[in-house]
Amino acid sequence: MTGYSFFAMVNRMKLIDRWALMRNTSKENIAEHSHSVAVIAHALALIGNKKFGKNYNADRAAVLALYHDTTEVITGDMPTPVKYYNDEINNVYKDIEAVAGKRLLSMLPDEFREDYRPVFEQQDGDRELWQLVKAADKISALIKCVEENRMGNREFDLALKAQEEKIDEIDLPEVKYFRKEFLPSYYLTLDEHTK
């Protein structure tokens, strides 16, 4: 076979479901999740810039977020209770993700690999942006829990509470602002939004 497989593999993100250990009223795949994380990371960067005097590159934050789970097209989505069960498992999984990232990079022509390397191998210059992506990832997970809870899915009750606590623990003013100004609307119905 000729050609490069990188974009075909990225396209497979839509096939990897999240929340595999829980009954879902609505399935969520990593492509949908990554879009959500990118939108939120971009917003957090803009909030930081406009409200807190930061100098984030909001577009770059969005790109990093778009690709943050791409290695899962090779590894699959490891459920959080397993992935974070202990440091040993977490470290092994990070190693597996690194190998998967290298594999994906190898699916690009040489001239493009350095352009994509920062989305698979975190660079020191992007440290603050990765913090925003990580926060956006948690916010996106909270939103999923809220949506499931609103649909009457009690399976997500404990996850909802845990995600709310995780968001409250993030010590970034951008996150606190997003939590106060934007998160409450996710708890509303469509009719409540349009009143």
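Structure: above.
In this report, the structure presented in the accompanying data block is examined. (Residues numbered from 1 in each chain as written. Predicted model: local features only at pLDDT ≥ 70, side-chain atom pairs only at ≥ 80, totals over all residues. Heavy atoms only, no water.)

Here's the deal with the packing of aromatic side chains
One pass over the structure, following the stated rule, counts 11 aromatic pairs. Ring plane angle 85 degrees and centroid distance 4.9 Å describe the contact between F6 and F7, whose orientation is recorded as edge-to-face. Judged by its relative accessible area of 0%, F6 is buried. Put simply, the rings of F6, F7, Y67, Y116 and F120 pair up and form one aromatic cluster. (Phe/Tyr/Trp six-rings, centres within 6.5 Å; stacked < 30°, edge-to-face > 60°. Buried < 20%, exposed > 50% of the residue type's maximum accessible area, 1.4 Å probe, protein only.)

Here's the deal with helix 9 (residues 157-169)
Because an α-helix packs 3.6 residues into every turn, residues spaced three or four apart end up facing the same way. Along its 13 residues, helix 9 runs 19 Å from first to last C-alpha, staying within 8% of the 18 Å computed at 1.5 Å per residue. The set of residues buried in helix 9 consists of A159, L160, Q163 and I167. Along the axis of helix 9, the buried residues cluster in a sector spanning 100 degrees; they form a single face. Exposed and oriented more than 90 degrees from the buried face of helix 9 are L158, K161 and E169. (Helix = DSSP H or I, 4+ residues; strand = E, 2+ residues; numbered from the N terminus. Expected span 1.5 Å × (residues − 1). Arc of directions from axis to C-beta.)

A few points about the pattern of salt bridges
Tallying each qualifying case throughout the model produces 12 salt bridges. Between D124 and R127 there is a salt bridge; the shortest N-O distance is 2.8 Å. The residues D124 and R127 share a single accessibility class, namely exposed. Overlapping salt bridges, with partners in common, bring together R18, E28 and D69 in one network. (Salt bridge = Lys/Arg side-chain N within 4 Å of Asp/Glu carboxyl O.)

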